[in-house]
Amino acid sequence: MESGKNWQGSETIVEDNSLLVTRTGDTNLFVLNDSGREIWQAWRLGYDRKEIARLLADIYEADKDQLLEDVDQAICEWQTKGLIADQDNSAGLHEHKPIVENLKSTARLPVSEWYSRRSYRLYDFNFDLYFETQGLDAVVHPVFSHLEIQSSRKPDAHFELLNGDSGLVLQNRSIVKTEIPTTQALAMVTFTEVALAAYQGRDNLMVFHAAAVASGDACVVLPGAGGSGKSTLTTALLDRGFNYLSDDVVPIDRKSQKAVPMPFSLNLKSGSRKVLKNILARWPQQPTEYSWDGRRVWYLNPIHDQHIATNKLYQVMLLVFPEWGMNNQTILTPLTTIQKIERLIAGNSLLGNSVGSQLTEELINWLKYIPAYSLQYASLKQAVTTVEDLLMHK
């Protein structure tokens, strides 16, 4: 394990004396409360695990052996999540990925040999997809079809989709992913890589794992992990006339501190389709099912002329954290700044690219002035009305 004295990153005190920590070169945030903060501060001073336990035992007159277990548990969690490094800088930091990433790309085809080249735009990010065959085009393109534009001479990124020796391949100048088993899996991998390329090149304050909708110039961001009900609520808000900004990724531009539209297809789960049955019956295009490695999603394209307004940045007026449950009552609860941060971390939101104490402080100061609520709901109609009322009285 690395030494606490050699650790590099930023540490910022927030309300209730919680400590917000992020490692240099990483975009993950960690909130340390009470005992976690004290263990961290002792580790940063160079104490080993037994010394930390003795120190805490003297302070709290508590059982040293129990405190040693607490210290070991905290340090193990930090190592697993990558906040501190193992001695070999590898154990526990990466999950196994079923897609193979190679440094060497598959031979590129002459332009004349591609079946098609299509151009797309996400706000100010232009990208091209090159398809080797009609079959690849037919399966992958529909996920992005609502973003298609006339051919762009200077795309910000391009991706090549082709057949390889051991499966399908997605590649560009930066990444090569091989052994992708099916065309549906290729569509899902392409979706992820395009999203990464679209926001990683920006100077972000934070990248929310969230949906977002707009009414006029006002934006409501709906952060949450998968299964929280954000896609369901977003679709219902679109049906009520809101404009569509995103369903999965919402970068916050650091300079303007406004939301950047990323109007990818909505990702619906099987439960969402049941709840949204009546709304989807009015949709001109039905969602398309894609599955891979046990994961099933239905991609639903927004209605371009009705829903998409991506020619500007949007002022964030509200953060609403949806919590759908079959037996939930509709309950709206205001959140403190530290509760906002904890929920964003739990939902896999990331700090911007320029990690440092200044960026962390900018984020905290921004979040202080953005009203935020948790919204438990089972009734979609009541949830939509609650969001509309919040925005009306803002």
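Up top is the structure these notes are about.
The model shown is predicted, which means the values in this text are computed figures rather than measured ones.

## Details of the layout of surface pockets
Argument step 1. Roughly 200 Å³ of internal volume is contained in the second largest pocket.
Argument step 2. Around the second largest pocket, the lining residues are D156, A157, H158, F159, N172, R173, S174, I175, E193, L196, A197 and Q200.
Argument step 3. Elements supplying a minimum of two residues to the lining of the second largest pocket: β8 (157-164) and α5 (183-200).
Argument step 4. Ranked by residue count, the leading element in the lining of the second largest pocket is α5, at four residues.

## Brief notes about empty space enclosed by the protein
Argument step 1. By the definition in use, this model includes one cavity of 30 Å³ or more.
Argument step 2. Reported here for the largest cavity is a volume of approximately 40 Å³.
Argument step 3. Lining the largest cavity, in full, are P142, V143, Q285, T288, Y290, Y299, L300 and N301.
Argument step 4. Those elements that place two or more of their residues in the lining of the largest cavity are α4 (134-144), β16 (288-292) and β17 (295-300).
Argument step 5. Considered class by class, the residues forming the lining of the largest cavity number five nonpolar, three polar and no charged.

## A few points about the nonpolar core
Nonpolar side chains tend toward joint burial in soluble globular proteins.
Argument step 1. Residues L122, L129, F144 and L161 are the most contacted members of the largest nonpolar core, which totals 36 residues.
Argument step 2. Among the elements of the structure, β5 (116-122), β6 (125-131), α4, β8, β9 (167-171), α5 and β17 are those that each provide at least two residues to this core.
Argument step 3. For this core, the element with the most residues is α5, which contributes ten residues.
Argument step 4. Residues L20, V31, A259 and I370 belong to the second largest nonpolar core, which totals 32 residues.

What counts and how
- Residues numbered from 1 in each chain as written.
- Predicted model: local features only at pLDDT ≥ 70, side-chain atom pairs only at ≥ 80, totals over all residues.
- Heavy atoms only, no water.
- 1 Å grid on protein atoms, 1.4 Å probe; cavity = no way out; pocket = protein on both sides within 12 Å on 5 of 7 lines; lining within 4 Å.
- Points joined across faces, edges and corners; volume = space filled by probe spheres on them.
- Helix = DSSP H or I, 4+ residues; strand = E, 2+ residues; numbered from the N terminus.
- Nonpolar A, V, L, I, M, F, W, Y, C, P; charged D, E, K, R; others polar.
- Core = buried A, V, L, I, M, F, W, Y, C linked by side-chain atoms within 4.5 Å.
- Buried < 20%, exposed > 50% of the residue type's maximum accessible area, 1.4 Å probe, protein only.

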